Amino acid sequence: MSVAADNLGSVTSPVDRDLPEPLPRQVAAVLRREIYDGHLTGRLPSEADLAARFEVTRDPTIRDALAILRDEWLVTVLRGRGWFVVKR
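For clarity, every value in this text was computed on a predicted model and none was experimentally measured.

About the cut-offs
- Residues numbered from 1 in each chain as written.
- Predicted model: local features only at pLDDT ≥ 70, side-chain atom pairs only at ≥ 80, totals over all residues.
- Heavy atoms only, no water.
- Salt bridge = Lys/Arg side-chain N within 4 Å of Asp/Glu carboxyl O.
- Helix = DSSP H or I, 4+ residues; strand = E, 2+ residues; numbered from the N terminus.
- Buried < 20%, exposed > 50% of the residue type's maximum accessible area, 1.4 Å probe, protein only.

**Overview of the pattern of salt bridges**
Then, in step 1: Under the counting rule described, the total for this entry stands at six salt bridges.
Then, in step 2: Ionic pairing is found between Glu 47 and Arg 58, a salt bridge with its closest N-O pair at 2.9 Å. Here the residue Glu 47 occupies a position in helix H2 (residues 47-54), and Arg 58 occupies one in helix H3 (residues 58-71), the gap between them amounting to 11 residues.
Then, in step 3: According to the relative accessible area criterion, Glu 47 is buried, its value standing at 17%.
Then, in step 4: Judged by relative accessible area, which is 39%, Arg 58 ranks as partly exposed.
Then, in step 5: When the shortest N-O distance is used, the salt bridge between Arg 63 and Asp 59 registers 3.8 Å. One end of the pair is Arg 63 and the other is Asp 59, both in helix H3 and four residues apart, which spans about a single turn.
Then, in step 6: For Arg 63, a relative accessible area of 33% corresponds to the partly exposed category.
Then, in step 7: Sharing partners across several salt bridges, the network here consists of Glu 47, Arg 58, Asp 59 and Arg 63.

The structure is reproduced here in structure tokens:
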């Protein structure tokens, strides 16, 4: 698994396809950690940007990952505006 830093200083880590954990759960785990650490606030990157970052498909992988976080009350979606971190 490769790890690289983007120009914002956050760590991007593509998912590890060799792990038994499903890809959406891996993506959700990374995003969850970034939310708790305060690296992700406000509006999330677009689904297409997240798919490119994690090197996975937008549908179903990214959408399923975001649904996991929505079910945990960490993010919410505003139709036509995108996904947002829920203020804590």
